[in-house]
Each structure stands twice: as structure tokens, then as C-alpha cells.
Amino acid sequence: MADDALRARIVRAVTEQPQPTVTVLSSLLAIEDELGWIPQEAIEEVASRQSVTQNDVWAVASFYPNFRFSPPGTHMVEVCWGPTCHLMGAQRLLERVHDALGLDGEGDTADGAVTLRYNTCLGACGQAPVVSADHHLLGRASAEAVDALVAGLRAAGRNGGHQR
Amino acid sequence: MTVAEKFQSIQDAAQAHVAAQESRTRIRVGVALCGHAAGAFAVLDALRGEAASRGLDAAVQEVGCIGFCYAEPLVDVQAPGGPRVFYRNVTPQQVPTILDAVASGRWQDAGEVLGTLGEGSVDSIARIEDGDQWRLQARIATRNCGSVDPGDIREYIAAGGYAGLAKSLSDMTQEELIEEIKSSGLRGRGGAAFPTGVKWGFLQGSNRPNKYVLVNCEEGDPGAYNDKGLIESDPHTVVEGTIIAGRATGANYGYIFIRHGHDGPIDRAKEAILQAYEQGLLGEDILGSGFSFDMEVALTGDSYVAGEETALMEAIEGKRSMPRFRPPFPAQAGVWGNPSNINNVKTLAYVPEVVRLGGEWFSEIGYERSKGTAILCLTGDVNYPGMYEVPFGLTLGQVVNDIAGGVASGGAVKLLQTGGPLGGVLGPDSLEITLDYELMSQAGAILGSGGIIVASEDVCAVDLAWNMVAFCQYESCGKCFPCRLGMTHLLDTLERIASNAGRAADLDLMRTIGKTMGMGSLCGHGQLGFNPISSSLRHFEEDFRVHLEEGRCPTGSCTARFHRPTRTSPTAVAGWYVEEGAGTTPKA
Ligand SMILES: Cc1cc2nc3c(=O)[nH]c(=O)nc-3n(C[C@H](O)[C@H](O)[C@H](O)COP(=O)(O)O)c2cc1C
Ligand code: FES
């Protein structure tokens, strides 16, 4: 993406926040919603618009682990790692996903198609274990269901995905 | 027009709208988080498509969570004048069969029926009201959950909503309102059980121009989803409760604070606020009373400690969610230095009914000093995981066995994990504990946010402790070193024990670390961060002993796979580093 186009998207995300209270954090979240990540240009833009230093913005951005600083994979898989899901077999499910994606922890597949994250609770504990793919929740996730889900995303490759 | 007259006309319009709906068949689909995870959106799409292609005169509606998460996706069909018939675990393929059955009046033919709800009976289907799962509940805050369309304020109003607000604005002074809450005995549902009326009183004395009501829906406790469930299912009861809190405390602004990424609750909350503005129930001069109140949704990034009241204020101001020193207390200097009152979602969800029906009515429900109900999320190894609202005074055994149906995998209950990770675990004898703040704390239990996770004898206490400690380590905000370093040291030690490489001195080492954390941490995260281990040792020291002395897991459930999330790594923020030749001062 050309620098100008990227910056324009950032500016739009920051300036078009609908809620009255606009802060460093709300601006970063708006940019993340727009781009899926926080480029250096975003840090600069938020710093100047909020009249704080870039250091202050980095401090906030690096504190909340939902922010990332390189473009994410096209698809996002989140596996719940919370206590209910843990009791219902989340660790085994994680290994299944690792194997299917060729990863050994959180991260992006080599082809950039999928990003894997662990979630501390997806909020559907009554359906544990829970995984989500591009923000669609899948409860009572069996190993087979997870295999199928990952295979589907890999087949979709860089098409579709969770980014708006 | 008086406040009462203005409200009456809003109520009349809402009731007329709902009455017009009642002449049609209504089909409701639960699409809150549990329903979503069970596939409810696919069912909803199938129903809408099939109803349209048949030209069916039926309203297909989204509703929230009625609490029977085990039976999701739940679809209920209500013929005009009849009760609601609930089909459980519905698949999209089943949709045509359901519509056929409804059309032919042979309701039983369409799949597994959970029961009916409401006046009347249909096709001799059992009534949900007659089962223990419903009878043992007292649904006050969740009264509308799964029944009203959370996206339509008129349904909430027609069900008695905003009448409490109208009453508080027309007939009651601020003092009377606070007295009403005090007399109800309502205590905070966010963990500390502090009397809500007393807390509200702290703000009253201040005549600063800006005062805030903060609604805490951070809900970081894994295993609990009742705050999100309430906001998703009946957001207006929370919005109304917040406006009433504003009126009582003299605040002029409210924030609902939710974690980014939980789109369902976030969207519902935003929509509810907009609709309340449209009806004149928020904004300038509400219902002509002279009282003005504004509200918005504020989001936080992923952070458990952001749910702590002072850290939450930092996050609203857009900073890192690290707790502040107290004093000054939030009631003196909260958000942007202004007096702020903070309540949990559930606490505020009771307020409309307490005001409408009176504090005395509420105070008669419950047990001793624990008034009203507890909204519980029962999950884990039980037959009927769900969100249930029960009066205080039941035993944990009644809740686990009579409501949640006991252990699903067979065998006995080994432990309960209550009150989020910081709450720790309880042993099997805890089934006799009465749901009551005082009795529970005497028994070493924390009700906290209402999550109760059940585990059977197949589970090793070391394994679950590992999960909780790994969570607490991951979520330490890092401000207090005893918490930041202590949690890491505890996790290292526990992973050693779980993988059978522990040392004899490890238990004492952990106790020393835990004590230091308790003494040297600013907020509950570090102060209580040793609870998962201390409580596990209290009830299940034997599990630790087997790992340490026999070099094996007593149940075989410790996988010794320690996959856990990682915080932002230094290499991930490469953009921060100054490039060669660019100078040495940090970027301004
Ligand atoms: C680490 C930590 C996390 C907390 N998280 C939450 C939370 O997610 N939701 C909540 O309502 N209260 C949470 N609390 C408690 C709040 O600080 C506060 O007591 C509560 O929101 C007050 O509301 P109440 O009076 O209605 O209970 C947390 C406390 C600590 C120490
Ligand atoms: S613990 Fe997995 S969804 Fe809550």
C-alpha cells in the first residue's frame, strides 16, 4: 500500500470515531479495527493529534497485547485458553491447531494466510472448548471440527478474511 | 406535560407496537455469545429464508440468552395467544420440519423440545416453569433476557422498562433514591460486595460540575459471561440503571466500559444508548425533569487489570490500565480528576426493578445480609452449563446438581473454581456452602463475578492451578514488582512441579512468594494472585505431593504442555527502534 493511502486510512479511522471521548487508546483501537495492525505512521498520527509524544503512544500500544505492529494474516484463528476450555481439552486442541498451521505458538503462518492467537476467554464458556475463526465462534470444538475449520481457511488462502 | 405524562405517552406507543406484534406468530432465536458459538446465526438465516419463501406471516426475532446455554441454539415459536415452545439444539436443516410442525399443530414432531414457557399449554409439552431449573431461579436482573428483542427499546418499555427511571425523576428526591437503594440491601456484584447505596452517597456531597457513573463490563474473569450476557440480552436494564445512578448521585455522564473485540455486547450497548436518546430518555432535560445525562461506550484493549476500578479510569483516559494509588478515592478524584462512581453491570441491572418495586420488595429476597439474587455462570464438567439467576440462600450443591444437572462425565465433583482465577478453588465439601457473601467468605470462597467452574475427579488440581497462575502472570500489569516478578516465579515453579521436576522446597518457596505479593501489591491482582495456589494446596495438597514425591500426575490430566499466550514481544515493536544514524534521542 502506498504510504499516502495508508496514512489516509489512518487519519480517517482516527478522525471518524463516532464516540465523543477520543483518547490515545480509542484512536489506536480505531486504527486496529481499520487496518488490523498499528504501523509507525499510526503512532505518529495519534501522537500529534493527541498532543503527546510518540513514546507515550508506544507505551500504550505495546501494553495491550491485542495490538500488533505488522500486518496480520488474512484469517484470524483464536483458540480459547481459559479455565473452562482448559478443563475441556484446550491444550490438546491447541496442539492440533499448531500442527495444522505449522506453528508452535501464537503467530502467523509462513504464507501469511492465518494468524493464530490464544484468547483468555471467548465468553461462550457454556460451549467449551471454544475457538473462533474470523470472529465467528465455534463451540464444543472437536479435533475434527478444528481440522476442518483450519483446512477451510488454508484453502481460502489470502481470500476473504477478517479484515474490513 | 409532567414527567409522568410524558413517560406515559412513550409507554403507550411502545405497548401499542408490541400488541400489534402479538397477533402474529413469533419465532425467537437466541443469538448471544453461547448461541453464536453453537451456530445460532446459521439457524437464524435458515429461519428467515424459509419463512420468507413460504410467505409465512411470522416475526423472526433475535433475542439474547435465556440462560440454557447447553440447549443452544434455542428457537422458540409462539402462536398468537399461546405459550412459547422451545426447540433445543436446533440445526439449520431442522428448520423446515419445525415450520411444518408449527403449521400442523403437531409441535412435538419437529425435534427435541425443551418445554413451553408462559400461560397455556401446547400439545402436552412439559412446562419449563415446572422444572427445578426454572423454579429454583428468581429472575430479576435477567427478567427479560431471552425474551425481549435487545435491539428494540419498545419491547423493553412495554415490559415495564424505564418506569423506574420515570419514577425516580418525578416522585423522588436524590436522598429518597439513595435511601431506597440502601434499604434494598443491594451490594456490588463486581466482587467486593460493597453496599451500593452507601457508595452512591459518596458522590452526593460533591458539587463539582462533572461527575461520572462508570459501568464496569470489562469482565475479564474467564469462566464468567454474565455481564456480557446481560448487555447482549437486555442492554436497556443496564442503561436505565445507569441513568438512575446518575440521577441519584448527581452525575451528568456515564461510560459503559467493555473490552474491544466483544462485538455483540459492544454493538448492543451502543444501539441501546442511541435508542434511549431517540426516546428522550437520555440527553438534555430527560422527560422534562430538568435532569440531563449523557452516555457513551468506552473500549479497552485486552487487559484483565483494566477491570480494577482505578485502572479502568486510566484506560478511559486512554492510558495503560495500571491501578492508581488511593487516596484519592474515585468518589473524590476519578476520571479526569472528577468524582466518579463505579459499578458492575449486574449491580446496575437490578436498579430499575428496585426503584420500580421498592427497596423493601428486594430486601425480602435472598438470605441474611445477601439480598436479592446471584447471577451465576455454571460451566465445566456439568450436564447443563448455563447462566442462572438464583436467590441467595441456596446451597452450591443445589446449584451444581439441581440446576446444572451434576457432573457430566460421571463420577463425583472434585473441585469448584469460583470468583475468577483470583478466587481459587474449593473442595467437594463446598457443595454444602450456602450462597451468601458472609458464609462463603468464612468458608474461604469468593463469589466474585459469579463464575462457577465444575471439575470432576479426573482433574488434577495442579493442572487447573497452572492455568489460573498462567493467566494471572500473563495479566499482571507490571506496575508492582512483587506481582510482576512474583507471578512469573510462581509460574516457573508450578510448571516444574506439573512436569514432575519439582523440588522438595518448592511448596515453601511458593508460599514465601505469595506472601510477598500479598504485602507488596497495589491492587487485588497481586494481593490475591497467590489464591489459586494457596487454595489448591489447602484442599488438594495430596496432588502436589504425588507430583513432587512420586514423579507422576495423580489423575493423568497434567499434559505438561504449557501453551500460553505471550505479551507483546520486543521484536514485535521493531518500529520503535531508532535507525542507524538517526540520532540517539527517543522520537519526540
Ligand atoms: C484485578 C481486578 C480486576 C477486576 N475486574 C473487574 C471486572 O472485570 N468487572 C467488575 O465489575 N469489577 C472488577 N473488579 C472490581 C472493581 O474494582 C470494582 O470493585 C467493581 O467494579 C465495583 O462495582 P460494584 O460496587 O458494583 O461491585 C476487579 C478488581 C480487581 C482487583
Ligand atoms: S473459558 Fe473458553 S470461552 Fe470462556
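Criteria and cut-off values
- Residues numbered from 1 in each chain as written.
- Chains lettered and ligands numbered in written order.
- Predicted model: local features only at pLDDT ≥ 70, side-chain atom pairs only at ≥ 80, totals over all residues.
- Heavy atoms only, no water.
- Helix = DSSP H or I, 4+ residues; strand = E, 2+ residues; numbered from the N terminus.
- Buried < 20%, exposed > 50% of the residue type's maximum accessible area, 1.4 Å probe, protein only.
- Areas by Shrake-Rupley, 256 points an atom, 1.4 Å probe, with all protein chains shown as cover.
- Lys, Arg positive; Asp, Glu negative; His and termini not counted.
- Charge placed at Lys NZ, Arg CZ, Asp CG, Glu CD.
- Axes fitted to C-alpha atoms, helices over the stretch in contact; angles between N-to-C directions.
- Parallel < 35°, antiparallel > 145°, perpendicular 65-115°, else oblique.
- Left-handed = near helix turned anticlockwise from the far one by under 90°.
- Contact = heavy atoms within 4.5 Å.
- Nonpolar A, V, L, I, M, F, W, Y, C, P; charged D, E, K, R; others polar.
- Buried area = accessible area lost by both parts, 1.4 Å probe.
- Salt bridge = Lys/Arg side-chain N within 4 Å of Asp/Glu carboxyl O.
- 1 Å grid on protein atoms, 1.4 Å probe; cavity = no way out; pocket = protein on both sides within 12 Å on 5 of 7 lines; lining within 4 Å.
- Points joined across faces, edges and corners; volume = space filled by probe spheres on them.
- Disulfide = S-S within 2.5 Å.
- Pairing = 2+ DSSP bridges.
- Patch = residues over 30% accessible without salt bridge, like charges linked within 9 Å, V, L, I, M, F, W, Y side chains within 5 Å.
- Phe/Tyr/Trp six-rings, centres within 6.5 Å; stacked < 30°, edge-to-face > 60°.

Draft legend 1. Local environment of the overall build of chain A. Scanning chain A for helices and strands turns up seven helices and five strands. Each helix (α) and strand (β) of chain A, taken in turn from the N terminus, gives the series α-α-α-α-β-α-α-β-β-β-β-α. Principal axes of the C-alpha set define a box for chain A whose edges measure 50 × 30 × 25 Å. Out of the 164 residues belonging to chain A, those deemed buried represent 60%. Within the structure as shown, chain A displays about 6300 Å² of accessible surface, and the carbon and sulfur contribution to it stands at 49%. Computing the positive centroid from 12 side-chain charges and the negative centroid from 20, chain A places the two 4 Å apart.

Draft legend 2. Inspection of the packing of helix α11 (residues 235-249) of chain B against helix α12 (residues 263-278) of chain B at higher detail. All names here are of chain B. Close contact between α11 and α12 brings their axes to 9 Å; oriented N to C, the two are set at 60°. What the angle tells us is that α11 and α12 run oblique. For the pair α11 and α12, the crossing hand works out as right-handed. Contacts between α11 and α12 involve Pro 235, His 236 and Val 239 on the former and, on the latter, Arg 268, Ala 272, Ile 273, Gln 275 and Ala 276. Split into classes, the residues belonging to the contact of α11 with α12 amount to five nonpolar, two polar and one charged.

Draft legend 3. Representation of the interface of chain A and chain B within the structure. At the interface, 53 residues of chain A touch 68 residues of chain B. Taken over both partners, the interface formed by chain A and chain B buries close to 5000 Å², and the fraction arising from carbon and sulfur atoms is 59%. It is A:Phe63, A:Trp81 and A:Leu87 in chain A that bury the most area against chain B; as a group they hold 14% of the surface buried on that side. Summed over the shared surface of chain A and chain B, the result is two salt bridges. Among the salt bridges present, the one from A:Glu95 reaches B:Arg561, with a minimum N-O distance of 3.0 Å. Of all the elements, helix α4 (residues 54-63) of chain A adds the most residues to the side of chain A that touches chain B, at seven residues. Considered class by class, the residues forming the side of chain A that touches chain B number 24 nonpolar, 21 polar and eight charged.

Draft legend 4. Layout of empty space enclosed by the protein. All names here are of chain B. Applying the stated rule across the entire model yields eight cavities of 30 Å³ or more. Of the volumes computed, that of the largest cavity is approximately 80 Å³. Taken together, 14 residues line the largest cavity, and the ones lying closest to its centre are Arg 189, Tyr 437, Leu 447, Gly 448 and Ser 449. With four residues, the single largest contributor to the lining of the largest cavity is strand β12 (residues 373-380). Partitioned by chemical class, the residues of the lining of the largest cavity number six nonpolar, six polar and two charged. Estimates place the volume of the second largest cavity at around 70 Å³. Along the walls of the second largest cavity sit 13 residues, with Cys 477, Cys 480, Cys 483, Cys 523 and His 525 positioned nearest its centre.

Draft legend 5. Region of interest: the state of the cysteines. The tally for this structure, following the rule as stated, stands at zero disulfides over all chains. A:Cys125 provides the cysteine sulfur closest to B:Cys377, a residue in no disulfide bond, and the two sulfurs are 6.8 Å apart.

Draft legend 6. Local environment of the environment of A:Asp3. Residues and elements named next belong to chain A. Along the chain, Asp 3 turns up in helix α1 (residues 3-15). Given a relative accessible area of 52%, Asp 3 falls into the exposed group. A C-alpha to C-alpha distance of 8.6 Å links Asp 3 and Glu 41, two positions 38 residues apart in sequence.

Draft legend 7. Spatial organisation of the sheet that holds strand β13 (residues 386-391) of chain B. Residues and elements named next belong to chain B. Spatially, β13-β12-β16-β14-β15 is the arrangement adopted by the five strands of the open sheet, whose pairing is mixed. Each having just a single partner strand, β13 and β15 (425-426) make up the two edges of the open sheet. Direction of pairing for β12 relative to β13: antiparallel, over a ladder of six bridges. Residue pairing in the sheet places Thr 373 in a bridge with Pro 391 of β13. Sheet strands in contact with helix α10 (residues 226-233) are β12 and β13, and its direction is about 110° off that of β12.

Draft legend 8. Structural detail: a nonpolar patch on the surface. A surface patch of nonpolar side chains, amounting to about 260 Å² of accessible area, comprises B:Phe194, B:Val198 and B:Phe202. Classification of B:Phe194 as partly exposed rests on a relative accessible area of 36%.

Draft legend 9. A look at the sheet that holds strand β7 (residues 253-259) of chain B. Residues and elements named next belong to chain B. Across the sheet, four strands lie side by side as β8-β7-β6-β9; this open sheet has parallel pairing. Two strands in the sheet have a free side with no partner beyond their single neighbour: β8 (294-300) and β9 (340-344). Adjacent strand axes in the sheet meet at a mean angle of 25° when their direction is disregarded. Two strands pair when backbone bridges link them, and strand β6 (residues 212-217) and β9 are joined in this way by five bridges, in the parallel orientation. Paired with Leu 214 across the strands is Ile 342, a residue of β9. The strands that α11 touches are β6, β7 and β8; relative to β6, the one it contacts most, it runs at about 150°.

Draft legend 10. Quick peek at the side chain of B:Thr493. Relative to the elements of secondary structure, B:Thr493 occurs in helix α19 (residues 481-498). Setting aside residues up to four positions removed in sequence, B:Thr493 forms contacts with B:Asp506, B:Leu509 and B:Met510.

Draft legend 11. Summary view of the packing of aromatic side chains. Applying the stated criterion across every chain, the model contains 20 aromatic pairs over all chains. Summarising the aromatic geometry, the rings of A:Phe63 and A:Tyr64 are spaced 4.9 Å apart at their centres and angled 85° between planes, so their arrangement reads as edge-to-face. Overall, the relative accessible area of 0% leaves A:Tyr64 in the buried class. Between B:Phe392 and B:Tyr437, the ring centres sit 5.1 Å apart and the planes meet at 50°, which makes this aromatic pair tilted. Here B:Phe392, found in the loop between β13 and α16 (396-403), pairs with B:Tyr437, found in helix α17 (residues 437-442); they are 45 residues apart in sequence, far enough to count as distant.

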